[in-house]
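# A look at the structure
Letter by letter, the chains look like this.
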Amino acid sequence: MNAQPDRAGPLAGVRVVDLTSVLFGPYAAQTLGDYGADVIKIEAPEGDSTRSTGPGREAGMSPVFLGANRNKRSVVLDLKQPQARDALLALIDTADVFMHSVRPQKLIPLGLDAATLLARRPGLVYAGLHGFRASGPYGGQPAYDDIVQGLSGIADLMQRQGGEPRYLPSAAADKTCGHVAAHAILAALFARERSGRGCEVEVPMFESMVAFNLVEHLYGRHFEPPTAGAGYPRVLAPWRRPYRTLDGHVCMMPYTDAHWRRFFDEAGRAELVADPRFASIGARTQNIEALYDLLAQIAATRTSAQWLEACRRLEIPAGPVNRLDDLPDDPHLRAIGFFETIEDPAIGTLRFTGVPVSFDGRSPPPSMPPRLGEHTREVLSQAGLPQATIDAMIASGAARQWSRG
């Protein structure tokens, strides 16, 4: 474990050298940083591509970059230059975790492959975040969120429900796989605490998203021969959506037998309680489209506020439909102080989502995402490089240090 500056949390003392970019890897690294790790983000001279994604108030500090890069320090190294590669190896020598999203075939010439680094530092957790498991025929191919959404069945799910193949309007593969990567790295760190040995962790997006999607959607194909095709009917039903009310929409989800009895009684449709199509969860699953069609018809007879009050009274799960712009003012999120702000001298006030989990009742606070190369001198010096060497690297372009104005 390594000391780190001004960080607290369960991963305090863990150093992560992060050679990832875009969203998959940076979101995983941000999670580790949120939990207290000292995350050192290694960037090329041009910086992570997301630094230019969306309307910002300062070049290189776009909203998409801000969303996935808090609680990190930035070091710029041009890994085409030998001095920069030597500096990166010096940093890895101080690290507990090295994570990258570089295709494996490109790492060997840089001396950054797993075999080389684990021989050099046996206690290292070496995490490769890839599109596909390297041992399969797709191994080494590039992958982005859209490609993985299509390959893993998400576009098919959208077509089954809505009539045409579509992607989810969220970088769902990147972010889901980022969580998979974070917990895989944590598991490897836990094992290292017991054994003293590091290991190679491979986190492929395709396989991770197939596993995610098939939790419920493998369905009848769990069995051989299959008892039904793939796809869980309840969540694929076209009527599974917010229900239109007299004045808007509401989310309601009667689920148990008791929920449905109370709902039908409240709606004045007590005869449906005895309807064999809806008498049990098995029957409801087989007749889910008819059930959701009925629910939609009933929902349209009252206002959203009336349904929310009724569902609270009957202990049926329900909620309003929040717009994205509504979320900072959601009464629950406001009450728990979920959104946090940082005052930056150049940019002004910045809002961030909080860390959703808490430890002993406290969520770790966010720190300002780093400017490109903001911590180059600081981090290289902490890795033991002499100032003269750092000066020479910056002069040659092998490294870059950000300075304000």
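One numbering rule holds for all chains: residues counted from 1, following each sequence as written. Under the rules for a predicted model, residues below a pLDDT of 70 receive no local features and side-chain atom pairs below 80 are neither given nor counted, while totals for whole chains, interfaces and linings still include all residues. With hydrogens and water set aside, each side-chain value is computed from the structure's full complement of heavy atoms.

### Thoughts on the overall build of the protein chain
By the criteria applied, helices consist of DSSP H or I runs no shorter than four residues and strands consist of E runs no shorter than two, each listed in order from the N terminus. Helix and strand counts for the protein chain stand at 16 helices and 12 strands. Along the first, second and third principal axes, the C-alpha set of the protein chain runs to 85 × 55 × 40 Å. In the protein chain, the proportion of contacts linking residues at least 24 apart, taken out of those at least 6 apart, comes to 68%. Each accessible area is a Shrake-Rupley result for a 1.4 Å probe, and residues are judged covered by the shown protein chains and nothing else. Split by element, the accessible area of the protein chain, about 20,200 Å² in all, is 55% carbon and sulfur. Charge separation in the protein chain, taken as the distance between the mean sites of 42 positive and 45 negative side-chain charges, equals 0 Å. In this description, contact between two residues means that some pair of their heavy atoms is separated by no more than 4.5 Å. For the purpose of counting charges, residues Lys and Arg are taken to be positive, whereas Asp and Glu are taken to be negative. His and the chain ends are not included. By convention, the charge on Lys lies at NZ, on Arg at CZ, on Asp at CG and on Glu at CD.

### A closer look at the nonpolar core
In this text, buried Ala, Val, Leu, Ile, Met, Phe, Trp, Tyr and Cys residues form a nonpolar core when linked through side-chain atoms within 4.5 Å. Working definition: with a 1.4 Å probe on protein chains only, accessible area under 20% of the residue-type maximum means buried, over 50% means exposed, and in between means partly exposed. Counting residues in each nonpolar core, the largest one holds 33 residues, and the members touching the most others are Val-16, Leu-32, Met-99, Leu-129 and Ile-185. Among the elements of the structure, helix 1 (24–34), strand 4 (97–100), strand 5 (125–130), helix 7 (172–195), strand 6 (199–204) and helix 8 (205–217) are those that each provide at least two residues to this core. No other element matches helix 7, which puts 8 residues into this core. Ignoring anything within four residues of it in the chain, the contact list for Val-16 reads Leu-32, Ala-37, Asp-38, Val-39, Ile-40, Val-97 and Met-99. Ranked by size, the runner-up nonpolar core spans 30 residues in total, among them Ile-42, Leu-107, Leu-380 and Leu-385.

### Describing helix 10 (residues 257–266)
Of all the positions in helix 10, only His-259, Trp-260, Phe-263 and Phe-264 are classed as buried. Angularly, the buried residues of helix 10 cover 120° about the axis, an arc narrow enough to put them on a single face. Those residues of helix 10 that are buried lie in contact with strand 8 (249–252), helix 11 (281–286), helix 12 (288–299) and helix 13 (304–314). One or two positions beyond helix 10, positive phi appears at Gly-268, with a value near 75°. Relevant arc is that of directions from the helix axis to the C-beta atoms, nothing else.

### Some words on helix 12
For a helix, the expected span equals 1.5 Å multiplied by the residue count minus one. With 12 residues, helix 12 extends 16 Å between its outermost C-alpha atoms, agreeing within 8% with the 16 Å of an ideal straight helix rising 1.5 Å per residue. Buried within helix 12 are the following residues: Ile-288, Leu-291, Tyr-292, Leu-294, Leu-295, Ala-296, Ile-298 and Ala-299. Looking at the buried positions of helix 12, the neighbouring elements they touch are helix 9 (233–236), strand 7 (243–244), strand 8, helix 10, helix 11 and helix 13.

### Remarks on unusual backbone geometry
Following Glu-224, the chain continues to Pro-225 via a peptide bond in cis, the omega torsion being 0°. With respect to the secondary-structure elements, Pro-225 resides in the loop between helix 8 and helix 9. You will see that Glu-315, though not glycine, has its phi angle at about 60°, which is positive. Along the chain, Glu-315 falls in the loop between helix 13 and strand 9 (318–320). A relative accessible area of 60% means that Glu-315 is categorised as exposed. One non-glycine residue, Asp-360, lies in positive phi territory at about 50°. Of note, Asp-360 is situated in the loop between strand 11 (348–353) and helix 15 (376–382).

### Some thoughts on the pairing of strand 5
The buried fraction of strand 5 amounts to 6 of the 6 residues, a majority that puts the element mostly inside the structure. Residues Val-125, Ala-127 and Leu-129 point to one face of strand 5 and Tyr-126, Gly-128 and His-130 to the other, with burial holding for every one of them. Each pair of strands is called paired provided DSSP finds at least two bridges between the two strands. In terms of strand pairing, strand 4 meets strand 5 through 4 bridges, oriented parallel. Of the residues in strand 5, the one forming a bridge with His-100 is Gly-128. Orient the strands so they point away from the viewer; a crossover is then right-handed if the path from the first strand over the helix to the second runs clockwise. Handedness of the β-α-β unit built from strand 4, helix 4 (residues 114–120) and strand 5 comes out right-handed.

### Some words on the sheet that holds strand 8
Taking strand neighbours across the sheet as the criterion, the 3 strands line up as 7-8-9 in an open arrangement whose pairing is antiparallel. The sheet is open, and its two edges are formed by strand 7 and strand 9, each paired on a single side. Two elements, strand 8 and strand 9, share 3 bridges in a ladder whose sense is antiparallel. Directly across from Cys-251, in strand 9, lies its bridge partner Gly-319. Every axis in this analysis is a line fitted to C-alpha atoms, fitted for helices over the stretch in contact. Angles between the N-to-C directions lie between 0 and 180 degrees. Running over the sheet, helix 13 touches strand 8 and strand 9 and is turned about 20° from strand 8.

### A short note on the pattern of salt bridges
Salt bridge criterion: a side-chain nitrogen from Lys or Arg within 4 Å of a carboxyl oxygen from Asp or Glu. Considering all chains together, one arrives at 22 salt bridges under this definition. Put simply, Lys-41 and Asp-48 hold a salt bridge, and the shortest N to O gap is 3.0 Å. Accessibility classification places Lys-41 together with Asp-48 in one group, the buried group. Residues participating in the shared-partner salt-bridge network are Arg-15, Asp-38, Arg-73 and Glu-378.

### Here's the deal with the packing of aromatic side chains
Think of it this way: a Phe, Tyr or Trp ring, Trp meaning its six-membered ring, pairs with another when their centres are within 6.5 Å, and the plane angle makes it stacked under 30 degrees, edge-to-face over 60, tilted otherwise. If you walk through the whole model with that rule in mind, you get 13 aromatic pairs. Plain terms: the ring middles of Phe-132 and Tyr-138 are 5.3 Å apart, the flat faces sit at 75° to each other, and that makes the pair edge-to-face. Each ring, one from Trp-260 and one from Phe-263, has its centre 5.8 Å from the other, and the planes form 85°; the classification is edge-to-face. Separated by 3 residues within a single helix, Trp-260 and Phe-263 lie in helix 10, roughly one turn from each other. One exposure class covers both Trp-260 and Phe-263, and it is buried.

### Here's the deal with the confidence of the model for the protein chain
Model confidence for the protein chain is summarised by a mean pLDDT of 95, while 98% of its residues fall at 70 or above. Confidence scores here are pLDDT values: one per residue, from the predictor, ranging 0 to 100. Every residue in residues 1–5 scores below 50 in pLDDT, and together they form 21 contacts with partners more than four places removed in sequence or on other chains.

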